[in-house]
Structure formats: C-alpha cells, structure tokens
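Each chain, written out:
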Amino acid sequence: MSAPAVPPNELKPAMQDAADLAVDFLKPWGAVQQVREGRLDLEVPAEQLPGVARMLADHSWGYLSAITGLDLTQDGKADSAEESAAPAGSDAPTPPRFRILYHFCRGATVLTVKVSAGGEHPTVPSISAIMPAAILQERELAEVFGMHVTDIPARGRLLLSEDWPENLFPLRKRNTPGQIRERISTPSVSPAAAALPEKAGRFVVPIGPQHPALKEPAHFELEVDGEIVKDVSLRLGYVHRGIEKAAENRTWIHNLYLVERICGICSHIHATAYALGVEQLAGVTAPPRAHAIRVLFAEMERIHSHLLWLGVAAHQAGFDTLFMFSWRDRETIMDLLEEVSGNRVNYSVNVLGGVKYDIDAPRSDAIRRGIDSLERRSRHYLDIVTADESFQRRTRGVGVFPTEQADALGVVGPTARASGVRRDLRVDAPYSAYKDFAVTPVVDQGCDLAARFVVRIKELFESCRLVRAILDALPAGDLRAEVPRRIPEGEVISRVEAPRGELFYYVRSTGGPMPDRVKVRTPSLANWAYVLSVAIGLKLADIPMVVVGIDPCFSCNDRMFTVRRPGGAAP
Amino acid sequence: MSAQIPQTLKGILDRIALWSRINSPWLVHFNSGSCNGCDIEILATLAPRWDLERLGVKLWGSPRHADVLVCTGPVTRQSRDRLFRTYEQMPSPKFVVAVGSCGITGGAFHGCYNIVGDIGDVIPVNVYVPGCPPRPEAIIDGVVQLLTQLKTGARPPEAAI
C-alpha cells in the first residue's frame, strides 16, 4: 500500500468536496457523472481499471466497498453501445454481456467505476495488488460469473463445493436455480478443503468446520511453530446457500423476508437496507414515523447483537461468568423486541414503504424501563473489561491493527472504529431517521482487542440514548406508504450501518415483478482482512479471540464465500 | 465383550445406561447452513433464563461424546458431507433433533441452488422443532419429547443413506 497522501481522519465530510476531488483527479479517464446526490459514475475500458484504482489509492480516496457483477443478457435493450457487436448467430441467444461495477466509498459518496465485458469468458484485470480488499470479491466474480480475472492467486474452490461442474456459473441469467440443481444433482462428498501445502517439519492445526470454538461452520488451518502461528488458511462457504440468485426469482415483497433471513442476528438491518433501496427505486418515501420505528428497532437490534457478542467473546476468553451475565441481560432486550413484534429473532418490522408495528405508550414505557436497566448493567460490563486484570491480559495489546492499515483495507463498523477509523454510516451518510436523530460515533485509538470491547460496550450507551431520544420525539402519522407491485427500472445503492459495520446493498430493477439483481456485501466480509493480517505471529490461543474480535457472521458472508492465504499478496 | 455378559446383567446395565441417558443427555450442535437465528436461540436456551443444564442437558463440543445431535438449517452442498460425518462419529444409540423450519423443508431457502435438501434427507431425524426460529421453550420441548420417546422405549429409525 502506498502511504496515504491525506491522513485518513482528516477526510472532509462534505459530500460535494469528495465528489469534486474525484471528478478532478479522474479527468484523464473521462468525465465522472453525478447521477444523483452522492452517486458518481465513471465508465472505463477494462484495461484502464487498474490505473483508476491506483489513482484512487494514491489519493486515498475512500475504500473499495463492493464489486457487483451484472449479467445483462435479458435486458430488452443493450445499454452500453461499444461491445454490443454480438456474433450474429441468427437465432442463437446472444452471448452473455457483463458489466462489472466497482463501488468505492468515501463518506456519503459512492463512486461506481463501470467496466463492460463481452464474450463467454470475459477478461478483467485484477485490482487486488492495489487494493487487497478486492481479492475476495474478485474471486467471487470469477466463480459465480465465469469471469477471467487476471493476476489473482486462484487456487481451489471458494464459494462452491469442490465437485461443482467446471462450466456452471450460478449467477448467469441463463442458469435458473432449477437448471442448476439438475446439473449438480449428484450430492457432493467434498474432500477436506483449502489445505495448506505439504511441507516437511510443519505442524498444521485444523479447526472446524464443526468445532467447539465455532458456533458456525468454518474451516481454519493454522500452521504453528510451537505456540506461534506462522500461516493461516481459511475456508468459508459452508453456509453458502445461493441467496443472491434466489432473490432474482422471488418477487419484491418475497425478497423482504428472504433478505431478513440472510442473518438471524442482524435480520432487521438487512430488511431495512433492502426496503430503503426499493423505496428509492419506486420513488416512495416512507412516513417519518415509520423511519423512526425502523431506527428504533435497528438500535435495539444493535444492543442485542453487541450483548450477544460480548458473551461469545467472553466465552472465547474462558470468562464464562461474563458470558452468562451478558446473555441473561440480553433477554431483557429480546423480551422488548418480542413484545412489540411478536418474534424474538426475525422481527419482520419492515414492509416496503414503511413498518408493520406501532409503538404505543405502554410499549414505549416498557422499552424505557428495559433500556434503563440494560444501561446500568452495561456500565458494570465496561468496568469489568477495562479493570479485570486477567481479562486485560487476554485483550490488551493483542491483535493490534494500526489505523492506517484499517483505513486502507476498508474494514468497517466497530472493528474500524476500535482502530481509530471514524467510519460510521449513521454519521457519514445519515439515512432513514438518523437525519433527525444524530449519532455520536464511538472511536477508540487503542487498536487492540481491548479497544474492540470498549467500543462495542460504549456503543451500547449510545444506542440506549438513541432509543430514548426516539421514544421522546416519535413523529406522529402513518406507518406506511403505498409501494407499487412493479418497481420502475433503475438501480440503487443502499448502505446502512449494521451492528457489525457497513452493509452494502445494490438493487437493480428492469421494471419486472422481480429484481434483476440484488447484491449484498456484508460487514463481516470486509472485516476478515483484519483477522488474516494480524493472525500471523500471534499465539495459537489468541486466535479465537482475534476471530471473535470482528464479530464474524458466517451466515452473512457465506451467501458469498471467502478463502484467503495471506502468505501471497498479504495485506 | 458383550457376549460374555450374562443376559440378566446386560438387562440391568442397559437400564442403567438408559436411565443416565435420559437424565443427562449430551448435545452436540451442528449448523449445516442456517441463518444463525436458530443457533443463537439454542445458545439462549443454555443461558441463564432457560438454563437447559438444570435438566441435565449439556452442550458438548465433540460428537464422539454426544447422545443428541442438534441440527439447524437447510443442508448446503459443502456441509452435507460434514453433517453426515458428524452423525457417523457419534456413538450409538444416537438421536437427532432438527431445529427450525429450514431443517424441515428448507424454509425460506427452499429452491436455492446450493441447498441439497433438509436435514431429514441426509440423516434420520427423531424430533423436528418448527419455527423461524423456534422459541427456546419449543427447543426444550423438542428435547423433552425425545427423552419421552426414550422412556417409553420407542426406538429411532435406523440411518438409511
């Protein structure tokens, strides 16, 4: 990584500044178009992509947030003129034409660099040498779209099983889920995945996919020398279900319930991101009361998620007493969620155009009482994690992730904020009711595991304050606005701050009853870079703590995949 | 070994084993593609509010020591083999509780390309607990139903793969 020209924390918050800056230094590549406030588009030929990425990295203009592949085969009209010269095989279907969108984010501004690619196996250059965060998503692109991404260390399967057919790319439009299942009907018996290369004298500790330390399946291989970790290999994808494809075959309303089930911990925020995106596409604005209730639930979900994390993290440190205490207190917030929505986990608060549930006075009082008691308990937890000596020994100075590195790798959420990176979408790009209810981001310069505990617990206080503020000033009015059944043609990016960090949705409509593409980039995917870059050199016993430090959510990021060996192009 | 034990003694030993199994079943948990909702509710079941351990139930890390496999989620292609192997590693007699709607029909993920089926397609299931996700009380009820099955002597079906 080149040294950042501008210190990351002095980024100008104003959206227009970011836009002007990008327009200015990207001039050599063409005109950057401002499609709407906070959205910049730039179309470049594939071979110029690394140049653009280099320019963005050199100016430290934001971070790579997501890479979206699009298959435009079924579009009525070809919307990029250059490559439309499909071989004129009279009746044969035209070969898939792809577009790849690289979304770079800086504060509230998203710069989308568009690359068009034609042919059966289009070639696109890798930008992973410039932006290591790209590697995961480029490999996904190669696997699910059949793109040939040059210069990435490709080895083995990532997202799909080992016996997946060579020429079957699930996200291509021609392949419907039914056809895909027919072609892969032989159930897989997979060999052990992602093994570190054999070498004499190495001792490899395999962990998972089923392991007491893992609540969700993942497969780690840690090469150790005594107690010290020398190399890491990670195979995820055990929870890959194919949700992005499924979303293309369900109606706009069905999808609300599908995306809610991408993750059982942060279900509400997924549905919120999706609903906000679809509402923007449809040109509908939810009533203010609906927005306030959405944010209220989002903050209650953050409280439940952080308490859950605190327990699991304490358990990994061998501190089961704290695990039991925090899970006992977590039931307070679960009761409140259930009282309002009727369900403990998938509350299903959102509908397109608003929310289902109202908050009346008795519920409001119940929430206040619950929040008050949780706040008291949280102060106790903050005392424990900052004062307990044996706990400090497990966390202080462990897994240090310097600010510059965290900024450059594009980590998000509490993981970034505990490394001193002020990155919080609720502040940078206020969405929904955050425009009315301001948030103070919790940032800690500690950069180590202890800081991750402190940041998350302090965020509990902030969430409690927000919940009270919303209850005090809940706008009156309707709960929902009408949304048409067919969503007008268009595309939208919806970014929200999930408990684990920035959640990125790209939704594209061709005017039909179902979305053309729903792309999800979850915070855990962005945060794995942290684990992989700090793991080497740590003691084996610290690895579970470091992994849990990002609050990983496999079910979220496995709707994609991940595999990574930091041995090669280490971040 | 068992051939040398007289029939009467074997009967007594079996009864003791069954008694201890009913009073302290050990659980192993496997997630074969779940969204996490059920897994968290299973953990919540073990947390102080419901405290499943007061019934002698213990969540244990190794399938080799476990009596009951608690599964969540639809079965993805990658995890199918792992689920089967985890089941195979458990000593007989072994029992399976499938938690959540996905484990019964695939739930919200029914029809996704990377799903090979529900849990019953891969291993024999004794008790299904429906819900998305089931409440902790329902999960406890599922386990209790299994224990009742054991008490009344109903045997689980054999593995048929």
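Per chain, the residues get numbers from 1 upward, laid out in the order the sequence is written. Chains and ligands are labelled sequentially in the order written, the chains with letters from A and the ligands with numbers from 1. Two thresholds apply to this predicted model, a pLDDT of at least 70 for residue-level local features and 80 or more for giving and counting side-chain atom pairs, whereas whole-chain, interface and lining totals are computed over all residues. Derived side-chain values reflect all non-hydrogen atoms in the structure, with water molecules and hydrogen atoms excluded from consideration.

Secondary structure follows DSSP: runs of H or I at least 4 residues long count as helices, runs of E at least 2 residues long count as strands, and numbering of each begins at the N terminus. Secondary structure summary: chain B contains five helices and seven strands in total. Order of helices (α) and strands (β) in chain B, N terminus to C terminus: α-β-α-β-β-β-α-β-α-β-β-α. Against the globule reference of 15 Å for 161 residues, chain B gives a C-alpha radius of gyration of 16 Å, in line with a compact fold. Once the C-alpha set of chain B is aligned to its principal axes, its extents read approximately 55 × 40 × 25 Å. Put simply, the radius of gyration uses C-alpha atoms, and a globule should come to 2.2 Å times the residue count raised to 0.38.

Residues and elements named next belong to chain A. Here a Phe, Tyr or Trp ring, Trp counted by its six-membered ring, pairs with any other such ring whose centre lies within 6.5 Å, and the pair is stacked when the planes are under 30 degrees apart, edge-to-face when over 60, and tilted otherwise. Counted according to the given criterion, the structure contains 10 aromatic pairs over all chains. Seen in terms of ring centroids, Phe297 and Tyr347 are 6.0 Å apart; in terms of plane orientation they differ by 40°. Their pairing is tilted. Within this pair, whereas Phe297 is found in helix H8 (residues 288-316), its partner Tyr347 is found in the loop between helix H9 (320-341) and strand S11 (350-351), the two being separated by 50 residues in sequence. In this structure, Phe297 and Tyr347 share a single accessibility class: buried. Aromatic ring contacts, followed pair by pair, group Trp309, Phe319, Phe391 and Phe453 into a single cluster. Sitting over a ring, as applied to charges here, requires NZ of Lys or CZ of Arg to be within 6 Å of the ring centre and within 35 degrees of the ring normal. The ring of Trp327 carries Arg330 above its face, with NZ or CZ at 4.7 Å from the centroid. Against the face of Tyr530 rests Arg452, its NZ or CZ located 4.3 Å from the ring centre. Relative accessible area decides the class of each residue, using a 1.4 Å probe on protein chains only: under 20% of the type maximum gives buried, over 50% gives exposed, and in between gives partly exposed.

Another aspect to go through is the sheet that holds strand S15 (residues 517-521) of chain A. To summarise the sheet geometry, strands pair through backbone hydrogen bonds and adopt either a parallel or an antiparallel arrangement. All names here are of chain A. The three strands are arranged S13-S14-S15 in an open sheet whose pairing can be described as antiparallel. Single-partner strands in this sheet number two, and they are strand S13 (490-498) and S15. Strand-to-strand twist across the sheet, computed as the mean angle between neighbouring axes with direction ignored, equals 15°. A pair of strands counts as paired when DSSP detects no fewer than two bridges linking them. Here the axes come from fitting lines to C-alpha atoms, over the contacting stretch only for helices, and the angles between their N-to-C directions go from 0 to 180 degrees.

A few words on the sheet that holds strand S3 (residues 68-72) of chain B. Residue and element names in this part refer to chain B. Read from one edge of the open sheet, five strands run S2-S1-S3-S5-S7, paired in parallel fashion. In the strand order of this sheet, the two ends are held by strand S2 (58-59) and strand S7 (127-129), each with one partner. Of the pairings in the sheet, the one linking strand S1 (residues 26-31) to S3 comprises five bridges and is parallel in character. Note on S3: the bridge partner recorded for Asn31 is Thr72. Packing against the sheet, helix H2 (residues 37-46) makes contact with S1, S2, S3 and strand S5 (95-99), and its axis sits at approximately 135° to S3. The contact rule is simple, with two residues in contact once any of their heavy atoms fall within 4.5 Å.

Attention now goes to the layout of surface pockets. The rolling of a water-molecule-sized probe over the atoms marks out the regions of remaining empty space. All names here are of chain A. Space inside and on the surface of the protein is sampled on a 1 Å grid over the protein atoms alone, with a cavity defined as a set of points where a 1.4 Å probe fits but cannot get out and a pocket as an open set with protein on both sides within 12 Å along at least 5 of 7 lines; lining residues have an atom within 4 Å of a point. Grid points are joined across faces, edges and corners, and a volume is the space filled by probe spheres set on the points. Within this model, the largest pocket holds a volume of roughly 720 Å³. Contributing to the lining of the largest pocket are 22 residues, with Gln280, Pro430, Tyr431, Lys435 and Ile493 lying nearest its centre. Residue assignment for the lining of the largest pocket shows that the elements contributing at least two residues are helix H7 (267-282) and S13. Think of it as three bins: nonpolar holds Ala, Val, Leu, Ile, Met, Phe, Trp, Tyr, Cys and Pro, charged holds Asp, Glu, Lys and Arg, and polar takes everything else, Gly as well. Among the residues making up the lining of the largest pocket, the classes are represented as 10 nonpolar, six polar and six charged.

What follows concerns the pattern of salt bridges. Whenever Lys or Arg places a side-chain nitrogen within 4 Å of a carboxyl oxygen from Asp or Glu, that contact is recorded as a salt bridge. Overall, the coordinates contain 40 salt bridges over all chains when judged by the stated rule. The salt bridge involving A:Asp41 is made with A:Arg39; its shortest N-O contact spans 3.7 Å. Accessibility assignment for this pair places A:Asp41 and A:Arg39 in one class, buried. Notably, a salt bridge pairs B:Arg135 with B:Glu137, separated by 3.1 Å at the nearest N-O pair. Where salt bridges share partners, they join A:Glu299, A:Arg302, A:Arg417, A:Asp424, A:Arg426, A:Glu459 and A:Glu497 into one cluster.

So, on to the interface of chain A and chain B. Size of an interface, as often reported, equals the accessible area lost when the parts are brought together. The interface of chain A with chain B comprises 56 residues on the first partner and 43 residues on the second. What counts as buried area is the accessible surface, traced by a 1.4 Å probe, that two parts surrender upon association, with contributions from both included. Of the roughly 4,100 Å² buried at the junction of chain A and chain B (both faces included), carbon and sulfur atoms supply 57%. Here B:Glu41 ties to A:Arg344 by a salt bridge, and the two come within 2.6 Å at their closest N and O atoms. For the purposes of these results, a polar contact is taken to be a pair of N or O atoms within 3.5 Å, where, inside protein, one atom must be able to donate a hydrogen and its partner to accept one; residues adjacent in sequence count only when each atom of the pair is a side-chain atom. If you look at where chain A meets chain B, you find 13 residue pairs in polar contact (both at pLDDT 80 or more). Elements supplying a minimum of two residues to the side of chain A that touches chain B: helix H4 (177-183), helix H5 (243-247) and H9 of chain A. Of the residues forming the side of chain A that touches chain B, the biggest block, nine residues, is contributed by H9(A).

Residue and element names in this part refer to chain A. Model confidence for chain A is summarised by a mean pLDDT of 83, while 86% of its residues fall at 70 or above. Per-residue confidence from the predictor is reported as pLDDT, which spans 0 to 100. Put simply, strand S16 (residues 563-564) is where chain A has its lowest mean pLDDT, 38, and helix H15 (residues 449-472) is where it has its highest, 95. Predicted confidence for residues 1-13 stays below pLDDT 50, and this span has 20 contacts to residues more than four positions away or in other chains. Counting contacts from residues 76-93, a segment whose pLDDT is below 50, to residues more than four positions away or on other chains yields 19 contacts.

All right, on to helix H6 (residues 252-260) of chain A then. Burial in H6(A) covers these residues: A:Trp252, A:Asn255, A:Leu256, A:Leu258, A:Val259 and A:Glu260. Where H6(A) is buried, its residues meet H5, H7, S11 and strand S14 (501-509) of chain A.

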